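As a plain string of letters, each chain reads:
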Amino acid sequence: MTEKLNINDDVKVLKLNILKENLKQNWNLDTDIWNEEFPHDFRFEDTYLQLSFILRDFNIDELKHLIYITNLFDVRNYNHDISTLINNYVKSCVEYLNHEIDGKADEYFKKYDKNNNCFSYEKKIKEALSKHKIQYSLFFYGTLKASEVRKAVLGEKIKYHETTNGFLTHYKVFQVKDANYPLIKFTNNEEDVVQGLLISNISLNELNKLDKFEGINYFRQYVKINVAGKLYDSQIYIPDKNLLHSEPWDYEKWYNNDMQSFFNNEFDLNGVKEIKN
């Protein structure tokens, strides 16, 4: 079942996944209920609550990429150095918490200096992560389905994109009132299906351009896209406020009759022009 994700819940789930995979593979925890059965000397059960401050400066895309490259079973993409950094980071944070519980935080900072205490590891992980070319997956259901629009936003490099047709359930697409572009709405109805274009190798620079083009009224939401019966993690641009809409969006009609009007009146690399009602 597809569910409407909450952006804050996503962060928590991603952090838990990073902790779970990295702690189990190196600390040899003997249970799947890893966060409830920590070794006794760590003296706490709610691991996420205690360690919620970790990876605090990482955004959702970075967290997802950390999961991707610290998957021990993905031999091709697994990064031992970053996985080791994460393990050392979490171990150091656990030790810091235990010192703090005993009222001995000063002893911790005497033992670990600014280069190897738990608060130094985020920078190290960020630096290591920056050396990897992170790629993003987006699902386009509206104007960006058209190669003409993607080329106008991203340039000639779109010819290197890996594209495939897919669909998203539990959503419907409508035309924004008095505009030549659409919005998408979550319906929670499995019979509602949105056809679109899945692109799986978008660079960070391209993602920033797309964010800017979509403007202040849209944000990225994580979804599952169905391609030939297999589900893929991706993102869609969804309105962050109640934009007025009219009839259901007809992409073919827009492409054949209204795309030029869109370019003339609403297209703007700094953000699609907002309709004034």
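Look above for the structure.
Structure report, in brief. From a predicted model like this one, the values you see are computed outputs, not experimental measurements.

**Looking at the sheet that holds strand S3 (residues 171-176)**
At step 1: In spatial order, the strands read S4-S3-S8; together these three strands make up an open sheet with antiparallel pairing. In this open sheet, the two edge strands, each paired with only one partner strand, are strand S4 (182-186) and strand S8 (245-248). Between one strand axis and the next, the sheet turns through 45° on average, direction left out of account.
At step 2: Sheet topology note: the S3/S8 ladder contains two bridges and is antiparallel. Bridge pairing links valine 176 to histidine 245 in S8.

**Here we look at the side chain of asparagine 180**
At step 1: Within the secondary structure, asparagine 180 sits in the loop between S3 and S4.
At step 2: A distance of 3.0 Å separates a polar atom in the side chain of asparagine 180 from a polar atom in the side chain of serine 261.
At step 3: Among all residues touching asparagine 180, those that are not within four sequence positions of it are Thr143, Trp249, Trp254, Asp258, Ser261, Phe262 and Glu266.

**What to know about the environment of tyrosine 89**
At step 1: Within the secondary structure, tyrosine 89 sits in helix H4 (residues 80-101).
At step 2: Judged by its relative accessible area of 2%, tyrosine 89 is buried.
At step 3: Here tyrosine 89 is in contact with Phe53, Ile54, Leu55, Cys118, Tyr121, Glu122 and Ile125, once residues within four sequence places are set aside.

**A word on the pattern of salt bridges**
A pair can form between side chains of opposite charge whenever their charged atoms are brought close.
At step 1: This model, assessed by the stated rule, comprises six salt bridges.
At step 2: A salt bridge links glutamate 95 to lysine 111; the shortest N-O distance between them is 2.9 Å. On the criterion of sequence distance, the pair formed by glutamate 95 in helix H4 and lysine 111 in helix H5 (residues 105-111) is long-range, its members being 16 residues apart.
At step 3: Judged by relative accessible area, lysine 111 falls into the exposed class, the value being 52%.

**Considerations on unusual backbone geometry**
At step 1: Although it is not a glycine, histidine 170 sits at a positive phi angle of roughly 75°.
At step 2: In this structure, histidine 170 sits in the loop between strand S2 (163-169) and S3.
At step 3: Histidine 170 sits in the buried class, given a relative accessible area of 7%.
At step 4: A positive phi angle is found at alanine 228, which is not glycine, with a value near 55°.
At step 5: Take alanine 228: it is sitting in the loop between strand S6 (218-227) and strand S7 (230-239).

The rules behind these values
Residues numbered from 1 in each chain as written. Predicted model: local features only at pLDDT ≥ 70, side-chain atom pairs only at ≥ 80, totals over all residues. Heavy atoms only, no water. Pairing = 2+ DSSP bridges. Helix = DSSP H or I, 4+ residues; strand = E, 2+ residues; numbered from the N terminus. Axes fitted to C-alpha atoms, helices over the stretch in contact; angles between N-to-C directions. Polar contact = N/O pair within 3.5 Å; in protein donor to acceptor, adjacent residues only side chain to side chain. Contact = heavy atoms within 4.5 Å. Buried < 20%, exposed > 50% of the residue type's maximum accessible area, 1.4 Å probe, protein only. Salt bridge = Lys/Arg side-chain N within 4 Å of Asp/Glu carboxyl O.

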